Amino acid sequence: MSQSAAKPAKKIQAIRGMNDLLPSESPRWQFFEAKVRALMTRYGFDEIRTPIVEQTALFARSIGEVTDIVEKEMYTFDDRNGDSLTLRPEGTASCVRAAMEHGLLHNQTQRLWYQGPMFRHERPQKGRYRQFHQVGVETYGFDGPDIDAEVILLSARLWQELGLAEHVTLELNSLGSSEARSAYRDTLVAYFEQHRDVLDDDAKRRLTTNPLRILDSKNPAMAEMLDGAPQLMDHLDAESREHFEQLKAMLNAAGITYVVNPRLVRGLDYYSRTVFEWTTTALGSQGTVCAGGRYDGLVEQLGGKPTPAVGFALGIERLILLLETLELIPDEALGGCDVYLVPMDASTTATALTLAEQLRDALPELRLQLHCGGGSFKSRMKKADKSGAPYALLLGEDEQQAQQVTLKFLRDSREQQRIDQMELAATLRQFLGI
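About the cut-offs
Residues numbered from 1 in each chain as written. Predicted model: local features only at pLDDT ≥ 70, side-chain atom pairs only at ≥ 80, totals over all residues. Heavy atoms only, no water. Core = buried A, V, L, I, M, F, W, Y, C linked by side-chain atoms within 4.5 Å. Buried < 20%, exposed > 50% of the residue type's maximum accessible area, 1.4 Å probe, protein only. Helix = DSSP H or I, 4+ residues; strand = E, 2+ residues; numbered from the N terminus. Pairing = 2+ DSSP bridges. Contact = heavy atoms within 4.5 Å. Axes fitted to C-alpha atoms, helices over the stretch in contact; angles between N-to-C directions. Arc of directions from axis to C-beta. Lys, Arg positive; Asp, Glu negative; His and termini not counted. Salt bridge = Lys/Arg side-chain N within 4 Å of Asp/Glu carboxyl O. Patch = residues over 30% accessible without salt bridge, like charges linked within 9 Å, V, L, I, M, F, W, Y side chains within 5 Å. Areas by Shrake-Rupley, 256 points an atom, 1.4 Å probe, with all protein chains shown as cover. Charge placed at Lys NZ, Arg CZ, Asp CG, Glu CD. Phe/Tyr/Trp six-rings, centres within 6.5 Å; stacked < 30°, edge-to-face > 60°. Expected span 1.5 Å × (residues − 1).

K.L.:
I keep staring at the nonpolar core and nothing clicks. Help me out?
P.N.:
Within soluble globular proteins, side chains that are nonpolar generally end up buried alongside one another. Counting residues in each nonpolar core, the largest one holds 88 residues, and the members touching the most others are Phe32, Trp159, Phe192 and Trp278. Of the residues forming this core, the biggest block, nine residues, is contributed by helix α6 (residues 145-162). Formed by 20 residues, the second largest nonpolar core is a distinct cluster that contains Ala356, Leu393, Ala425 and Leu428.

K.L.:
Teacher, can you tell me more about the sheet that holds strand β6 (residues 131-140) here?
P.N.:
Sheet strands line up and pair through hydrogen bonds in the backbone, either parallel or antiparallel. An order of β1-β5-β6-β11-β10-β9-β7-β8 is seen for the eight strands of this open sheet, with the pairing classed as mixed. One side of each edge strand has no neighbouring strand; the edge strands of this open sheet are β1 (46-47) and β8 (259-260). Judged from the seven bridges that link them, strand β9 (residues 272-280) and strand β10 (residues 287-294) form a sheet pairing that is antiparallel. Pairing of Ser272 across the sheet is with Arg294, part of β10. The strands touched by α6 within the sheet are β5 (110-119), β6, β7 (169-174), β9, β10 and β11 (309-315), with β11 carrying the most contacts at an inclination of about 20°.

K.L.:
Would you take a moment to explain the sheet that holds strand β2 (residues 53-55) for this structure?
P.N.:
A sheet is described by the order of its strands in space; here three strands give the open sequence β2-β4-β3, paired in antiparallel fashion. Unpaired on one side and paired on the other, β2 and β3 (76-78) mark the two borders of the sheet. Averaged over all neighbouring strand pairs, the angle between strand axes comes to 35°, with direction disregarded. Against the sheet, helix α3 (residues 56-63) engages β2, β3 and β4 (84-87), with an angle of about 75° to β2.

K.L.:
Sorry, what's going on with helix α16 (residues 424-432) here?
P.N.:
Because an α-helix completes one turn every 3.6 residues, residues spaced three or four positions apart along the sequence face the same direction. Considered for burial, the residues of α16 that qualify are Leu424, Ala425, Thr427 and Leu428. Relative to the axis of α16, the buried residues are bounded by an arc of 160° and lie together on one face. Close packing links the buried residues of α16 with β12 (339-343), α13 (349-362), β14 (391-395), β15 (404-409) and β16 (417-420). Looking one or two residues past α16, Gly433 carries a phi angle of roughly 70°, positive in sign.

K.L.:
Can you walk me through the side chain of Arg380 in this structure?
P.N.:
You can see Arg380 is positioned in helix α14 (residues 377-386). No salt bridge is formed by the buried Arg380; its nearest oppositely charged neighbour, Asp345, is found at 6.8 Å.

K.L.:
Can you walk me through a positive patch on the surface in this structure?
P.N.:
Residues Lys378, Lys382, Lys383 and Lys386 make up a contiguous surface patch of positive charge. Residue class for Lys386 comes out exposed when judged on its relative accessible area of 77%.

K.L.:
Would you mind going over the pattern of salt bridges with me for this structure?
P.N.:
Any two side chains of opposite charge can pair, given that their charged atoms come close. All chains considered together, the criterion is met by 19 salt bridges. Between Arg42 and Glu161 there is a salt bridge, and its shortest N-O distance comes to 2.7 Å. Here Arg42 is found in helix α2 (residues 26-42), whereas its partner Glu161 is found in helix α6, with 119 residues between them in sequence. The exposure class assigned to Arg42 is exposed, which follows from its relative accessible area of 51%. We classify Glu161 as partly exposed; its relative accessible area is 28%. Taking the shortest distance from any N to any O, the salt bridge between Glu239 and Arg273 comes out at 2.9 Å. Note that Glu239 is positioned in helix α10 (residues 238-253) and Arg273 in strand β9, a separation of 34 residues in sequence. For Glu239, a relative accessible area of 52% corresponds to the exposed category.

K.L.:
Would you mind showing me how to read the packing of aromatic side chains here?
P.N.:
Given two aromatic rings, one states the distance between the centres and the angle between the planes to describe the pair. The final tally for this structure, using the stated rule, is seven aromatic pairs. Taking the centre distance of 6.4 Å and the plane angle of 85° together, the rings of Tyr140 and Tyr295 count as edge-to-face. Residue Tyr140 is located in strand β6, and its partner Tyr295 is located in the loop between β10 and α11 (298-301); the two are separated by 155 residues in the primary sequence. Residue class for Tyr295 comes out buried when judged on its relative accessible area of 3%. With centroids separated by 5.7 Å and ring planes inclined at 85°, the aromatic side chains of Phe409 and Phe431 adopt a geometry described as edge-to-face. Separated by 22 residues along the polypeptide, Phe409 in strand β15 and Phe431 in helix α16 bring together distant segments of the chain. When its relative accessible area of 6% is taken as the criterion, Phe409 is described as buried. Using a relative accessible area of 27% as the deciding quantity, one classes Phe431 as partly exposed.

K.L.:
Help me understand α13 in this model?
P.N.:
Compared with an ideal rise of 1.5 Å per residue, which puts 14 residues at 20 Å, α13 spans 20 Å between its outermost C-alpha atoms and is within 8% of the ideal. Buried residues belonging to α13 abut β12, β13 (368-370), β14, β15 and α16.

Shown next, in the form of structure tokens:
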């Protein structure tokens with residue numbers, strides 16, 4: 001054997017920032033995803049699933065070629081045909097593309113939602129990864145402020161059902177029409193030019209490409225200057241101002257507390273009127289857990305007919321981190337099983353398999369794990385304990401002949417008891433409350 005052939009193979013590891021979701025973690029995700037799916041159904045939203053790879057032009061046109069996402073963060077590559085493809089960095093553009101391609105926007109309205117992985121080549125940090133997951137809501141064809149209020153109320157109900165309502169704050173603003181925002185942009189640039197000596201390098205770069213985003217800066221050296229900047233709210237067109245007032249009135253009527261934040265902006269031209277964010281301080285410094293707003297110009301920008309649209313997106317990793325930090329995930333949502341069925345030797349394995357299926361038929365909600373792989377009595381009971389189940393069912397030759405099982409209590413000191421197999425389903429239903 002050659003020396004090179006004898007070298008041990010190099011271990012292959014996951015790409016940095018792209019993480020495995022292990023069995024110990026997945027129940028938390030399933031808990032969150034079940035809440036989201038049930039809520040979307042109750043609000044009449046239909047799920048859409050789009051590919052994770054799209055033509056690069058879709059994101060360059062929708063997000064903007066001068067944004068950080070397109071310039072620095074997208075995973076872009078040429079396929080074998082020489083076409084430029086990109087792993088999707090966000091879900092809205094893909095949703096619009098799919099809706100246009102399949103005729104979902106032709107003389108009709110749509111309420112859509114999605115969840116899935118997104119990809120950005122940014123510096124991995126706690127709660128932010130290169131492969132991350134989002135839930136998104138997108139609505140098309142609704143022009144009035146009622147749909148703005150509806151998607152905000154949907155997000156508010158999600159926080160309520162997750163126990164997060166007291167830990168998040170709703171911030172609102174209006175960007176007005178594209179014409180009003182264009183005029184405001186000129187005013188804002190003139191103001192920033194007067195204070196160029198205060199601008200950091202990032203702000204100077206954005207001055208010619210995306211000046212509204214300078215208002216988002218967290219640089220304390222620019223805070224005083226930004227506080228004195230002209231406010232977009234003072235430059236709104238009358239129609240957008242009325243839209244915003246109606247939205248606030250609807251939220252007031254629904255009992256939703258909010259803060260108007262004049263520095264809450266989106267830097268892209270297709271955004272208009274309502275923008276909103278849900279923020280929290282429960283993870284340290286203030287952070288956004290959900291962001292949304294109107295993007296009435298995007299469908300037209302991607303080649304479709306002008307179509308009003310509003311939606312939001314939230315990061316699943318960040319939400320689950322928040323739920324874990326606040327200990328809001330119930331123990332029963334963390335996996336495990338209810339019953340661990342132990343055939344005591346090879347002669348009872350077939351009976352145990354049949355009994356397990358009978359119990360699953362009789363109790364569809366029962367989480368039952370059957371011991372497989374043999375082993376000593378001690379090792380079988382050790383695995384029963386490790387399963388987390390409160391009950392073990394023991395099936396030996398004596399029980400098999402008597403058509404019984406032994407019910408063993410794994411989490412308390414009660415005496416084990418023999419139960420007829422015919423009565424087992426009813427007994428477990430009583431103990432487990434299912």
